[in-house]
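Geometric and topological summary
This is what each chain is made of:
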Amino acid sequence: MIDNFLDPILSLAYPRACRACGGAVESLSFGPACGTCWNSTRVFNGRESCCSKCGQLIPTGKFDLSSRCSGCVEDFYDRAAAAADYHLAARAAVLALKEEPFLSKRVRGLLTGRFDTAGFHAATLIIPVPLSKRRRIERGFNQAELLARALEVHTGIRSSADVLERTAHFAMHRAGMDRKAREGSVKKAFEVKKPKLVREERILLVDDVFTTGSTASACAKTLKASGAAEVNVLTLARTPHFI
Ligand SMILES: [Zn+2]
Ligand SMILES: [Zn+2]
């Protein structure tokens, strides 16, 4: 109600440029991108021809419902889903979220809508992918925590940001790093601080963007080593990751 009332007034007072195309953002509820860019952004609804584990798009000719890509075979999470392709408005939203701890109505709706279509309702605990302490202090907030809290409000499923800790920060997809090297670099990057809280839980891990899956896999491995029954992953966006 308050949102609806303030929105047109605030957008008149603070016109913003779309981070994707530079045009005007028509409504504050759109967040960092304009309506045209939102309309051109590929949003996933779960009916795409995707790898049933990691969500990687699979060419329709090769697709059946049990299709799996070859890239995620060794990953430790059970299933990953993203709300949109990392381009246009979704990319703008991810970048803006690293600067400002604010989730627009459109971004919130994108995430919660994908939660619903991905069928993650059986989750018992939502955990945001943590930043290292140093990075969190530098940024002042963890964008994944904001996403986790939005999901908690939408679903009523508890979220907890102090269960999992990032002990070191590595660039997960550093150019020139092959899969093995990346895995080595994230091996000891996460630690479960409260193992009692994850035992037997069906965890939904939340992050802003899914790139290679190394981060999600490292978190899932650590959580499962502490007794988590299941670890699924939900992100706002995913980068195309060719098989
Ligand atoms: Zn735009
Ligand atoms: Zn896959």
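As a convention, each chain's residues are numbered from 1 in the sequence order in which they are written. All chains are assigned letters beginning with A, and all ligands numbers beginning with 1, in the order in which they are written. Local features in a predicted model are, by the rule used here, given only for residues with pLDDT of at least 70; side-chain atom pairs are given and counted only at 80 or more, and totals for whole chains, interfaces and linings are based on all residues.

**So, the nonpolar core**
The condition is simple: Buried Ala, Val, Leu, Ile, Met, Phe, Trp, Tyr and Cys residues form a nonpolar core when they are connected through C-beta atoms within 7 Å. Neighbour density around each residue's C-beta defines its exposure: 20 or more other C-beta atoms within 10 Å make it buried, 12 or fewer make it exposed, and counts between make it partly exposed, where C-beta atoms are placed from the backbone. Secondary structure elements are taken from DSSP: a helix is a run of H or I of four residues or more, a strand is a run of E of two residues or more, and numbering for both begins at the N terminus. Each domain span listed reflects an automatic or database assignment of domains. The contact criterion used is a C-beta to C-beta distance within 7 Å, with each C-beta placed from the backbone.
Among the nonpolar cores identified, the biggest contains 67 residues, and A33, L205, V206 and L236 are the most heavily contacted of them. At seven residues, the largest contribution of residues to this core is made by helix α3 (residues 88-99). Residue contributions to this core reach at least three from each of two domains, namely domain 1 (1-40) and domain 2 (44-238). If sequence neighbours within four positions are ignored, L205 has contacts with Y77, I127, V129, A216, C219, A220, V231 and V233.

**Here's the deal with α3**
So the rule is basically this: Residue count minus one, scaled by 1.5 Å, sets the expected span of a helix.
Relative to the 16 Å expected for twelve residues at 1.5 Å per residue, α3 spans 17 Å between its end C-alpha atoms, a close match to the ideal helical length. Burial in α3 covers these residues: L88, A89, A90, R91, A92, A93, V94 and L97. Close packing links the buried residues of α3 with α2 (35-39), β1 (79-85), α4 (105-118), α6 (143-155), β5 (202-210) and β6 (230-238).

**Overview of the sheet that holds β5**
Rules: Strand pairing is assigned whenever DSSP detects at least two bridges linking the two strands. Geometry is summarised by axes, namely lines fitted to C-alpha atoms with helices restricted to the contacting stretch, and by angles between N-to-C directions that run from 0 to 180 degrees.
Spatial strand order, β1-β6-β5-β2: four strands in an open sheet with parallel pairing. One side of each edge strand has no neighbouring strand; the edge strands of this open sheet are β1 and β2 (125-128). Each neighbouring strand pair of the sheet contributes to a mean axis angle of 20°, computed without reference to strand direction. In the sheet, β1 pairs with β6 via six bridges, with the strands oriented parallel. Of the residues in β6, the one forming a bridge with A80 is V233. Against the sheet, helix α9 (residues 214-225) engages β1, β5 and β6, with an angle of about 160° to β5.

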